[in-house]
Amino acid sequence: MVANRGYFITVEGGEGAGKTSAIRSMEQLLRENGFEVVVTREPGGIAIAEQIREVILDKRNVDMDGRTEALLYAAARRQHLVQKVMPALQEGKAVLCDRFIDSSLAYQGYARGLGIDEIFALNRFAIHETMPDLTVLLDVSPQTGLARIHANRNREVNRLDLEAVSFHERVRSGYLQLLDLFPERIVLVDAERSEEEVVLALSAILIERLGLKSAGGNICNQNGV
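This is a predicted model, so every value here is computed, not measured. (Residues numbered from 1 in each chain as written. Predicted model: local features only at pLDDT ≥ 70, side-chain atom pairs only at ≥ 80, totals over all residues. Heavy atoms only, no water.)

## With respect to the UniProt feature "binding site: ATP" (unreviewed entry) in the protein chain
Threshold: UniProt positions are given in the numbering used here, feature names are shortened, and annotations may be inferred rather than shown by experiment. Segments assigned H or I by DSSP are reported as helices when at least four residues long, segments assigned E as strands when at least two residues long, and all are numbered from the N terminus. The classification of residues rests on relative accessible area computed with a 1.4 Å probe and restricted to protein chains. Under 20% of the type maximum is buried, over 50% is exposed, and intermediate values are partly exposed. Contacts are assigned to residue pairs with any non-hydrogen atoms lying within 4.5 Å of each other.
When the UniProt feature table is mapped onto this chain numbering, "binding site: ATP" (unreviewed entry) sits at G13, G14, E15, G16, A17, G18, K19 and T20. On the secondary structure map, A17 appears in the loop between strand 1 (7-13) and helix 1 (19-32). A residue is classified by how much of its surface remains accessible, and A17, at 6% relative accessible area, is buried. If we skip the residues at most four places from it in the chain, A17 touches L138, V140, R148 and A191. Considering the arrangement of structural elements, one finds G18 in the loop between strand 1 and helix 1.

## Here's the deal with unusual backbone geometry
For the bond running from E42 to P43, omega is -15°, close enough to zero to count as cis. Positive phi is not limited to glycine here, since H128 has a value of about 60°. Here H128 shows up in the loop between helix 5 (116-127) and strand 4 (134-139).

## A word on the nonpolar core
The test is simple: Buried residues of nine kinds, namely Ala, Val, Leu, Ile, Met, Phe, Trp, Tyr and Cys, make up a nonpolar core once their side-chain atoms join them within 4.5 Å.
If you look at the biggest cluster of nonpolar residues, it comprises 34 residues, and the most contacted ones within it are F8, V95, Y107, V171, Y175 and L178. Sorting the residues of this core by element identifies helix 2 (47-57), helix 3 (66-90), strand 3 (94-98), helix 4 (101-111), helix 5 and helix 7 (165-181) as the ones contributing at least two each. With 8 residues, helix 3 is the single largest residue contributor to this core. In this structure V95 touches Y7, F8, I9, V38, T40, V85, A88 and L89, once residues within four positions along its chain are discounted. Ranked by size, the runner-up nonpolar core spans 28 residues in total, among them M26, V136, L138 and V198.

## Section: helix 6 (residues 142-151)
Each turn of an α-helix holds 3.6 residues, which means side chains three or four residues apart point in the same direction. Worth spelling out the cut-off: Directions are taken from the helix axis to each C-beta atom, and the arc is the one they span.
Here helix 6 has its buried residues at P142, G145, L146 and I149. On an axial view of helix 6, the arc spanned by its buried residues comes to 90°, and they lie on one face. In this structure, the buried residues of helix 6 make contact with helix 7.

## Digging into the packing of helix 3 against helix 5
Inclusion rule: A fitted line through C-alpha atoms serves as each axis, taken over the contacting stretch for helices, and the angle formed by two N-to-C directions is quoted from 0 to 180°. Each angle is binned into one of four classes, with values under 35 degrees roughly parallel, values over 145 roughly antiparallel, values of 65 to 115 roughly perpendicular, and all other values oblique. Helix crossings get a hand from a simple test, with the near helix turned counterclockwise from the far one by less than a right angle marking a left-handed crossing and a clockwise turn marking a right-handed one. The residue classification treats Ala, Val, Leu, Ile, Met, Phe, Trp, Tyr, Cys and Pro as nonpolar and Asp, Glu, Lys and Arg as charged. All others, Gly included, are polar.
Following both chains from N to C, one finds helix 3 and helix 5 inclined at 25°, their axes separated by 8 Å at the closest point. Relative to helix 5, the element helix 3 is oriented roughly parallel. At the point where helix 3 passes helix 5, the crossing takes the right-handed sense. Of the residues in helix 5, those in contact with A70, L71, A74, R77, R78 and L81 of helix 3 are I119, L122, N123, A126 and I127. When its residues are assigned to classes, the contact of helix 3 with helix 5 shows 8 nonpolar, 1 polar and 2 charged.

## Some words on the sheet that holds strand 3
Selection criterion: If DSSP finds at least two bridges between two strands, the strands pair.
The 5 strands are arranged 2-3-1-4-5 in an open sheet whose pairing can be described as parallel. Strand pairing shows two members of the sheet lacking a second neighbour, strand 2 (37-41) and strand 5 (186-190), which therefore form its edges. Pairs of neighbouring strands in the sheet enclose a mean axial angle of 20°, with direction left out of account. In this sheet, strand 3 lies alongside strand 1 in parallel orientation, the contact comprising 5 bridges.

## Regarding the pattern of salt bridges
Our working rule: In the sections that follow, a salt bridge refers to a side-chain nitrogen of Lys or Arg positioned within 4 Å of a carboxyl oxygen of Asp or Glu.
Under the counting rule described, the total for this entry stands at 14 salt bridges. We note a salt bridge from E15 to R99, for which the minimum N-O separation is 3.4 Å. Placement of the pair is E15 in the loop between strand 1 and helix 1 and R99 in the loop between strand 3 and helix 4, with a sequence separation of 84 residues. Grouping residues by exposure puts E15 and R99 together as buried. Residue R172 is joined to D139 by a salt bridge in which the shortest nitrogen-to-oxygen separation is 2.9 Å. Separated by 33 residues along the polypeptide, R172 in helix 7 and D139 in strand 4 bring together distant segments of the chain. In the salt-bridge network here, residues are joined through shared partners; they are E69, R112, R159 and E163.

This is the structure we're talking about:
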């Protein structure tokens, strides 16, 4: 199957949820089914947004105000969207993005206490009408996610990783609220499971949503997504 229009997929979840591995497996399946795929991330993806990312995640910036943080994320999102995401979608490509607007709603809107509606309004100004076609929410307990981070020596620890466990618990609660608000768009995957089980679940989602063929012809369906 080859897409006749772009398809925007975002992957969300708390710290250590396994987004990088998930995106890698989804990219492979999409390419096997004839899609041109653009893989990107937020904040970042293009030079200006990567510079903003450095400011946001710098461990020295512990005094950053929550509203400042939200505005920086929105600014990075806007530049990334107009410079990379929208052109790719207009060319009929599939875009796989590590985080998008739901991260701001969960982290700044809910966990920082700024309000989901308020942060959504701020980001609507940044993204205009561009919303994901599909969002995969990798759900993992903060304890499991943070343990994975500390066990991965190749992963740089950033400012958000240093937040208290209670903050990450609020992030998870925020994401689960978003699942209730956007049930048609957001699909939850239990990321406490093994990587192989998560890959099967992700494949099942893409097969159902996009009508893809199974990877290698051996993934037909998956229960418990």
